[in-house]
Amino acid sequence: MNSHNSGLLAEEKQALLAAIVSSSQDAIISKTLKGIITSWNPAAERLFGYSEKEVLGRHISLIIPKDRIHEEDFIIQQISKGLRLEHFETTRLTRDGRQIPISLTLSPIFNERNEIIGASKIARDISENIMNKEEKEQLYEEIKILNKKKDEFIALATHELKTPITSLRGFLEVLQKNVSREGINFSLLERCIRQVNKLSMLLSDLLDVSRIQLGKLQLRYEFFNIVEMVAEVLSTFIHFDKHRLVFKNRDSIIVYADRTRLEQVLINFFNNAIKYSPSGGDVEIKIWESPNNIHLSVTDEGIGIDNEHLAEIFSQFYRAVNGQSNISGLGIGLYISKEIIVRHGGTIEVKSQKGRGSVFAFSVPQKKN
Ligand SMILES: Nc1ncnc2c1ncn2[C@@H]1O[C@H](COP(=O)(O)OP(=O)(O)OP(=O)(O)O)[C@@H](O)[C@H]1O
Ligand SMILES: [Mg+2]
């Protein structure tokens, strides 16, 4: 009774194995130690183009390219020692003479007496992977070229826009001088000039991006009092309804740096602090010294930044999407700021908690005369 049962099970097992082999997407082949093909599944038929009937009893060299025949000796050697061969990448021949890249896994086959009587071989077509690699490289090259074209376009467009806007500003200023202060026209003109100024600021940011890409951002070093510089910049930002500006530094701190460029970083930090705290709050600016550096930080109580965006916000054109879709910007302020600070040999950093606010800070080396 028992032996009858186990006989059935062995048959079932055999049938199951046969079903697995014949439905496999990988080509599964077996051969004797002399290289004679003993089984050939449907996937092997599809991959190599020969039917099972055609290949049973024939030598495996049928599918080995001439210049790779030596591989068979090596494979048989390994198998005879009872060793497996995994993911061996090579090429094989199809019936219509094509060479296809494949990955081979070979294992010895044992009989009941534990003697090695042949090898089973699983072949996977990897031409798609290889094509993907080539395609990826090609795509990467294309993206590099397109990216370069985009940079050139931005540089050109910015340059072309600059001339008419500069003239427009000049004409508007001449007009302003000739219009009486009282009329409606005067305030209209003032508004025009404000908008033109905004435009030219946007353009000069874009020009800076191009300069950075071309490695042409120049620094003009001088000694100046950074506390006074901050006070001056802050005095140009007037009328805040919702925000309270806090700046307590009084003692002068002399730094050797590019004043205009550091002003630009401060203005970027400061504009962001205001812009990204739409419900208001304190915006605090602090300056302090350490033995070798001067530090400046701008703290706000605004919307903050998600952890996942923090690492990216200093990259070009990057804008963190945190419910700010109504806040305008090009995403270049921090990119330029970072470049300015790095060019000074300094560091720039951000700490932020979503919904709580942010601290943007930079430090530049303190050069003592
Ligand atoms: N103080 C801040 N609080 C919250 N998010 C900020 C703050 N500063 C910057 N960010 C985030 O970092 C992104 C990049 O800032 P960046 O100043 O470079 O660009 P922007 O303000 O969007 O545009 P612009 O080029 O006009 O400055 C912003 O879009 C915003 O998501
Ligand atoms: Mg900004």
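In this convention, every chain numbers its residues from 1, walking through the sequence in written order. Chains carry letters and ligands carry numbers; both start at the beginning, A for chains and 1 for ligands, and go up in the order they are written. Predicted model: local features are reported for residues with pLDDT of at least 70 only, side-chain atom pairs are reported and counted for 80 or more only, and whole-chain, interface and lining totals are derived from all residues.

Looking now at the nonpolar core. If you look at the biggest cluster of nonpolar residues, it comprises 33 residues, and the most contacted ones within it are Val265, Leu266, Phe269, Ala273 and Val298. Secondary structure counts use DSSP, requiring at least four H or I residues in a row for a helix and at least two E residues in a row for a strand, with both numbered from the N terminus. Mapped onto this core, the elements with two or more residues apiece are α6 (184-213), α7 (226-236), β8 (254-257), α8 (259-275), β9 (281-289), β10 (293-299), α10 (333-343) and β12 (357-365). Top element by residues in this core is α8. It accounts for seven residues. With sequence-adjacent residues up to four places away left out, phenylalanine 269 is seen in contact with Val298 and Phe360. For this entry, the nonpolar core is defined as buried Ala, Val, Leu, Ile, Met, Phe, Trp, Tyr and Cys residues connected by C-beta atoms within 7 Å. To sort residues by burial, count the other C-beta atoms lying within 10 Å of each one's C-beta; a count of 20 or more means buried, 12 or fewer means exposed, and anything in between means partly exposed. C-beta atoms are built from the backbone. What counts as a contact here is a pair of residues whose C-beta atoms, placed from the backbone, lie within 7 Å.

Right, let's get into the sheet that holds strand β7 (residues 243-247). The strands that make up a sheet are held in pairs by hydrogen bonds between backbone atoms, and each pair lies either parallel or antiparallel. The strand order across the open sheet built from five strands is β7-β9-β10-β12-β11, with neighbouring strands paired in mixed fashion. Of all the strands in the sheet, the pair left with one neighbour each is β7 and β11 (347-353). The mean inter-strand angle of the sheet, taken between neighbouring strand axes irrespective of direction, is 10°. In this sheet, β12 lies alongside β11 in antiparallel orientation, the contact comprising seven bridges. Following the sheet pairing, valine 350 is matched in β12 by phenylalanine 360. Each of β7, β9, β10 and β12 touches α8; the most contacted strand, β10, lies at about 20° to it. Most of the contacts of α10 go to β11, to which it runs at about 140°, and overall it touches β11 and β12. Strands are treated as partners if at least two bridges between them are detected by DSSP. Every angle, taken between N-to-C directions, lies between 0 and 180 degrees, and every axis is a line fitted to C-alpha atoms, over only the stretch in contact when it is a helix.

What follows concerns the site of ligand 1. Ligand 1 sits among 22 residues. The nearest are Tyr276, Ala320, Gly329, Gly333 and Leu334. Listed by contribution, the elements that provide at least two residues to the shell around ligand 1 are α8 and α10. Split by residue class, the shell around ligand 1 holds eleven nonpolar, nine polar and two charged. For each residue, a C-beta position is placed from the backbone atoms; the residue is near a molecule or strand when that point lies within 6 Å of it. Asp, Glu, Lys and Arg are counted as charged, while Ala, Val, Leu, Ile, Met, Phe, Trp, Tyr, Cys and Pro are counted as nonpolar; the rest, among them Gly, fall into the polar class.

Any helix carries an expected span of 1.5 Å times its number of residues minus one. Between its first and last C-alpha, α8 extends 24 Å over 17 residues, near the 24 Å set by a 1.5 Å rise per residue. Those residues of α8 not exposed but buried are Arg261, Leu262, Val265, Leu266, Asn268, Phe269, Phe270, Asn272, Ala273 and Ile274.

Below, the discussion takes up the environment of isoleucine 36. Within the secondary structure layout, isoleucine 36 lies in the loop between β1 (27-32) and β2 (37-40). Put simply, isoleucine 36 and serine 204 are 168 residues apart on the chain and 76 Å apart in space, counted from C-alpha to C-alpha.

Moving on: the sheet that holds β2. In spatial order, the strands read β2-β1-β5-β4-β3; together these five strands make up an open sheet with antiparallel pairing. Of all the strands in the sheet, just β2 and β3 (85-93) have a single pairing partner and so form its edges. Averaged over all pairs of adjacent strands, the angle between their axes in this sheet comes to 30°, without regard to strand direction. The pairing of strand β4 (residues 99-110) with strand β5 (residues 116-125) spans nine bridges and is antiparallel. If you follow isoleucine 102 over to β5, its bridge partner there is aspartate 125.

Moving on to the domain arrangement of the protein chain. When the domains of the protein chain are assigned, the result is domain 1 (2-125), domain 2 (131-213) and domain 3 (222-365). Either an automatic procedure or a domain database provided the assignment from which the domain bounds are taken. The centre of domain 2, based on its C-alpha atoms, is set 23 Å off from the matching centre of domain 3. Between domain 2 and domain 3, the contact holds four residues from the first and six residues from the second. For the side of domain 2 that touches domain 3, a count of residues per class yields two nonpolar, no polar and two charged.

What follows concerns the environment of glutamate 152. Here glutamate 152 lies in helix α5 (residues 127-178). In this structure glutamate 152 comes out as exposed when scored by C-beta crowding, with 12 C-beta atoms within 10 Å.

The geometry of a pair of packed helices is captured by two quantities: the angle between their axes and the separation between those axes. Contact geometry of α7 with α8 gives a least axis separation of 11 Å together with a crossing angle of 55°. By the criterion of interaxial angle, the relationship of α7 to α8 is oblique. Once α7 is placed against α8, the crossing between them reads as right-handed. In this structure, α7 uses Met229, Val230 and Val233 to contact α8, whose residues at the interface are Arg259, Leu262, Glu263, Leu266 and Ile267. The residue inventory of the contact of α7 with α8, partitioned by class, reads six nonpolar, no polar and two charged. Working definition: roughly parallel below 35 degrees, roughly antiparallel above 145 degrees, roughly perpendicular at 65 to 115 degrees, and oblique for all remaining angles. Whether a crossing is left-handed or right-handed is set by the direction in which the near helix is turned from the far one by less than a right angle, anticlockwise for left-handed and clockwise for right-handed.

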